[in-house]
Amino acid sequence: MELIIMIMGLGAPGDKWKHNYELLSKWFWCIVPDNRGAGLSDKPEAESYTTEQMADDIIGIMDTLDIKKAHVMGVSMGGAIAQQVALKVPDRVLSLILTSTFASVSPAFKKALICELKEDTDPAVLKQLNLWMTYGQYTQIHHPEKIEKSIEEDAAYPYPMPVYAYKAQCGACLSHNTAGRLHELKMPVLIAAGAKDLFMNIEKTMELVHGISQAEFYLAPEGGHVHQWEYPEPYDSVVVGF
């Protein structure tokens, strides 16, 4: 079995991949780390983290576990981190799966993050508000129980994220920019996006598609920013098939 490293996005622990690794674990050994600032990982106090730092964290895990090569998957901020991993150690990345992510921050996403940085709202409250933006309209209208369940799970999570760590991860998103280096990614790349994503507009997705000439592209028709949770079966099938 080959290894796949699954990198989570802003403000969430790696455990949020549970919707997907239950199926993917039939095909891969799944490594599901917590990014710095989240879950059980260290939460260094800093005004801002960077995606380069968090990529070094992932590479450090690979070194510690003696992982020579692995598939690398990331969602949202995790996809930005995955890009940095692939740029830093391209010979160790078997393939790259970029989900609901970006090479550079859109003006709307930038404004949203800056607003969150200005507020002293608890990250748990921000996450609850953001959930209604991250799920697609179809899920919001027809399956609001999925969102309510996610809110309940987040509230019960025993390792809450400090405000400063959430803001530091926001800073990592704001400073991320690999748009000028996408052509360096020569490994197989899958780009996955939700057609109804309110956070990551299609222009940012197409920046990735056009910047990585060999990339395959999967679009979830009714999917939002977290289409891999809304519709895990087709997403996981595409990943396995890729």
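The rules behind each value
Residues numbered from 1 in each chain as written. Predicted model: local features only at pLDDT ≥ 70, side-chain atom pairs only at ≥ 80, totals over all residues. Heavy atoms only, no water. Helix = DSSP H or I, 4+ residues; strand = E, 2+ residues; numbered from the N terminus. Rg over C-alpha atoms; globule rule 2.2 N^0.38 Å. Buried < 20%, exposed > 50% of the residue type's maximum accessible area, 1.4 Å probe, protein only. Areas by Shrake-Rupley, 256 points an atom, 1.4 Å probe, with all protein chains shown as cover. Lys, Arg positive; Asp, Glu negative; His and termini not counted. Salt bridge = Lys/Arg side-chain N within 4 Å of Asp/Glu carboxyl O. Polar contact = N/O pair within 3.5 Å; in protein donor to acceptor, adjacent residues only side chain to side chain. Contact = heavy atoms within 4.5 Å. 1 Å grid on protein atoms, 1.4 Å probe; cavity = no way out; pocket = protein on both sides within 12 Å on 5 of 7 lines; lining within 4 Å. Points joined across faces, edges and corners; volume = space filled by probe spheres on them. Nonpolar A, V, L, I, M, F, W, Y, C, P; charged D, E, K, R; others polar. Pairing = 2+ DSSP bridges. Axes fitted to C-alpha atoms, helices over the stretch in contact; angles between N-to-C directions. Patch = residues over 30% accessible without salt bridge, like charges linked within 9 Å, V, L, I, M, F, W, Y side chains within 5 Å. Core = buried A, V, L, I, M, F, W, Y, C linked by side-chain atoms within 4.5 Å. Right-handed = clockwise from strand over helix to strand, strands pointing away.

(A) Structural context of the overall build of the protein chain. Looking only at helices and strands, the protein chain features 11 helices and 6 strands. Its C-alpha atoms give the protein chain a radius of gyration of 16 Å, within 12% of the compact-globule value 18 Å for 242 residues. Along the first, second and third principal axes, the C-alpha set of the protein chain runs to 40 × 40 × 35 Å. The buried share among the 242 residues of the protein chain stands at 51%. Counting every atom, the protein chain has about 10900 Å² of accessible surface; 57% of that belongs to carbon and sulfur.

(B) Up close: the side chain of Asp197. For Asp197, the position within the fold is in the loop between β5 (189-194) and α9 (202-211). For the buried residue Asp197, which engages in no salt bridge, the nearest side chain bearing the opposite charge is Lys196, 12 Å off. A polar atom in the side chain of Asp197 sits 2.9 Å from the backbone nitrogen of Met200. Setting aside residues no more than four positions away along its own chain, Asp197 makes contact with Ser100, Gly223, Gly224 and His225.

(C) The layout of surface pockets, seen in detail. Reported here for the second largest pocket is a volume of approximately 150 Å³. Taken together, Lys16, His19, Tyr135, Lys146, Lys149, Ser150, Glu153, Trp229 and Glu230 make up the lining of the second largest pocket. Among the secondary structure elements, those contributing two or more residues to the lining of the second largest pocket are α7 (144-156) and α10 (227-230). Looking at the lining of the second largest pocket residue by residue, the class counts come to 2 nonpolar, 2 polar and 5 charged.

(D) Representation of the pattern of salt bridges in the model. Within the structure shown, the criterion is met by 9 salt bridges. Linking Lys88 and Asp56 is a salt bridge whose minimum nitrogen-to-oxygen distance equals 3.2 Å. Of this pair, Lys88 sits in helix α3 (residues 77-88) while Asp56 sits in helix α2 (residues 51-64); the two residues are 32 residues apart in sequence, bridging distant segments of the chain. Here Glu207 and Lys204 are joined by a salt bridge, their closest N and O atoms 3.2 Å apart. Here Lys204 and Glu207 lie together in helix α9, a separation of 3 residues that amounts to about one turn.

(E) Quick look at the sheet that holds strand β1 (residues 2-7). Taken in spatial order, the 6 strands of this open sheet run β2-β1-β3-β4-β5-β6, and their pairing is parallel. Each of the sheet's edge strands pairs with one partner strand only, and the pair in question is β2 (28-31) and β6 (216-220). Strand-to-strand twist in this sheet, taken as the mean axis angle between neighbours without regard to direction, amounts to 20°. One ladder, built from 6 bridges, connects strand β3 (residues 70-75) with strand β4 (residues 93-99); its direction is parallel. Looking across to β4, one finds that Gly74 is bridged to Leu98. Contacts between α9 and the sheet are confined to β4, β5 and β6, with β5 contributing the most and set at about 165° to the helix.

(F) Local environment of a nonpolar patch on the surface. Together, Ile202, Phe217 and Leu219 make up an exposed nonpolar region whose accessible area comes to about 240 Å². Along the chain, Leu219 falls in strand β6.

(G) View of the nonpolar core. Counting residues in hydrophobic clusters, the biggest one holds 46 residues, and the most contacted among them are Ile81, Val85, Leu96 and Leu185. No other element matches α3, which puts 7 residues into this core. Apart from the residues within four sequence positions on either side, Val85 is in contact with Ala55, Ile58, Ile59, Val72, Pro90 and Val93. Of all hydrophobic cores here, the second largest spans 21 residues; its members include Leu190, Val226, Trp229 and Val239.

(H) Geometry of the pairing of β5. Burial of β5 is extensive: 6 of the 6 residues sit out of reach of the surface. Burial along β5 is two-sided: the face carrying Val189, Ile191 and Ala193 and the face carrying Leu190, Ala192 and Gly194 are both buried. In terms of strand pairing, β4 meets β5 through 4 bridges, oriented parallel. The residue of β5 that forms the bridge with Thr99 is Ala192. Bridge analysis of β5 against β6 gives 5 bridges, and the strand direction is parallel. Its bridge partner being in β6, Leu190 is matched across the sheet by Glu216. Regarding topology, α9 serves as the crossover connection from β5 to the parallel β6, and that connection is right-handed.

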